[in-house]
Amino acid sequence: MVKIKVINKGHQPLPQYATPQSAGMDLRANLTESIVLKPLERCLVPTGLFIALPEGYEAQVRPRSGLALKKGITVLNAPGTIDADYRGEVGVLLVNLSQEDFVINDGERVAQMIIARHETADFIEVAELDETERGAGGYGHTGVK
């Protein structure tokens, strides 16, 4: 289990896993007044959380499936990435893809956050790539069955 330093400048509890095998922790809106998100509008929802991830880790901010299915609310840049060297407030960029207003209340679970390891890459420029069976085929080239 990775240890993550956190400052909670809000009034919501720290993120926690709902079950022992949950991959994500719920992020809650930390608001002084509700936000009305109109159809096709987007907004940055504050959480009051500031984190320091260890080098080699990122936090991914992802939609909550229930909000997406039932209300048409999703994270606009899903998954949003929080880099290990970022020290600002964790915000959730939500968009309303429904045709109805959506009210975001204080304490509402608006997204989930997943902590993940990542690698860095060093690109090596070459004249050609090795051949594979797939080659350049993409975007459904393997069919539907």
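Note that the structure is predicted; figures quoted are calculated from it, not measured.

Caption draft 1: Spotlight on the overall build of the chain. For the chain, the helix and strand inventory stands at one helix and ten strands. Seen in sequence order, the chain has helices and strands lined up from the N terminus as β-β-β-β-β-α-β-β-β-β-β. At 19 Å, the chain has a C-alpha radius of gyration far larger than the 15 Å of a compact globule built from 145 residues. Taken over the C-alpha atoms alone, the chain extends approximately 55 × 40 × 30 Å along its principal axes. A total of 145 residues make up the chain; the buried ones form 31% of that total. Counting contacts in the chain only where the partners sit at least 6 residues apart, residues at least 24 apart contribute 72% of the total. With the model as given, the accessible surface of the chain reaches about 10,500 Å², and the carbon-plus-sulfur share is 51%. Side-chain charges of the chain comprise 15 positive and 19 negative groups, with the mean position of each set lying 11 Å from the other.

Caption draft 2: The sheet that holds strand 2 (residues 25-28), seen in detail. Reading across from one edge, 2-10-5-7 is the order of the four strands in this open sheet, with antiparallel pairing throughout. Of all strands in the sheet, those bounded by a partner on one side alone are strand 2 and strand 7 (80-82). Taken pair by pair, the neighbouring strands of this sheet meet at an average axis angle of 35 degrees, ignoring direction. Of the strand pairs in this sheet, strand 5 (residues 57-62) and strand 7 are connected by three bridges, and their pairing is antiparallel.

Caption draft 3: Local environment of the pattern of salt bridges. Considering all chains together, one arrives at three salt bridges under this definition. With a shortest N-O distance of 3.4 Å, arginine 64 and aspartate 26 are connected by a salt bridge. Residue arginine 64 is found in the loop between strand 5 and helix 1 (65-71), and its partner aspartate 26 is found in strand 2; the two are separated by 38 residues along the sequence. Each of the two residues, arginine 64 as well as aspartate 26, counts as buried. Ionic pairing is found between aspartate 101 and lysine 38, a salt bridge with its closest N-O pair at 3.4 Å.

Caption draft 4: Examining unusual backbone geometry more closely. Cis geometry marks the peptide bond from alanine 78 to proline 79; its omega dihedral reads -15 degrees. Positionally, proline 79 belongs in the loop between strand 6 (73-75) and strand 7. Positive phi, normally seen in glycine, also occurs at leucine 40, with a value near 65 degrees. Looking at the element boundaries, leucine 40 is found in the loop between strand 3 (35-37) and strand 4 (42-52). Leucine 40 sits in the exposed class, given a relative accessible area of 64%.

Caption draft 5: Geometry of the nonpolar core. In this structure, Val45, Leu53, Ile82, Val92, Leu94, Ile104 and Met113 are the most contacted members of the largest nonpolar core, which totals 27 residues. Counting only elements with at least two residues in this core, the list comes to strand 2, strand 4, strand 5, strand 6, strand 8 (89-96), strand 9 (102-104) and strand 10 (109-117). In this view, leucine 94 contacts Leu37, Glu41, Arg42, Cys43, Val45, Ile73, Thr74, Val75, Ile104 and Val110; residues no more than four positions away in its chain are not counted.

Caption draft 6: Representation of the sheet that holds strand 6 within the structure. Across the sheet, four strands lie side by side as 1-4-8-6; this open sheet has antiparallel pairing. Each having just a single partner strand, strand 1 (5-8) and strand 6 make up the two edges of the open sheet. Sheet twist, expressed as the average angle between the axes of neighbouring strands with direction ignored, equals 40 degrees. Note that strand 6 and strand 8 share three bridges and pair antiparallel. Across the sheet, threonine 74 pairs through a bridge with valine 95, a residue of strand 8.

Parameters and conventions
Residues numbered from 1 in each chain as written. Predicted model: local features only at pLDDT ≥ 70, side-chain atom pairs only at ≥ 80, totals over all residues. Heavy atoms only, no water. Helix = DSSP H or I, 4+ residues; strand = E, 2+ residues; numbered from the N terminus. Rg over C-alpha atoms; globule rule 2.2 N^0.38 Å. Buried < 20%, exposed > 50% of the residue type's maximum accessible area, 1.4 Å probe, protein only. Contact = heavy atoms within 4.5 Å. Areas by Shrake-Rupley, 256 points an atom, 1.4 Å probe, with all protein chains shown as cover. Lys, Arg positive; Asp, Glu negative; His and termini not counted. Charge placed at Lys NZ, Arg CZ, Asp CG, Glu CD. Pairing = 2+ DSSP bridges. Axes fitted to C-alpha atoms, helices over the stretch in contact; angles between N-to-C directions. Salt bridge = Lys/Arg side-chain N within 4 Å of Asp/Glu carboxyl O. Core = buried A, V, L, I, M, F, W, Y, C linked by side-chain atoms within 4.5 Å.

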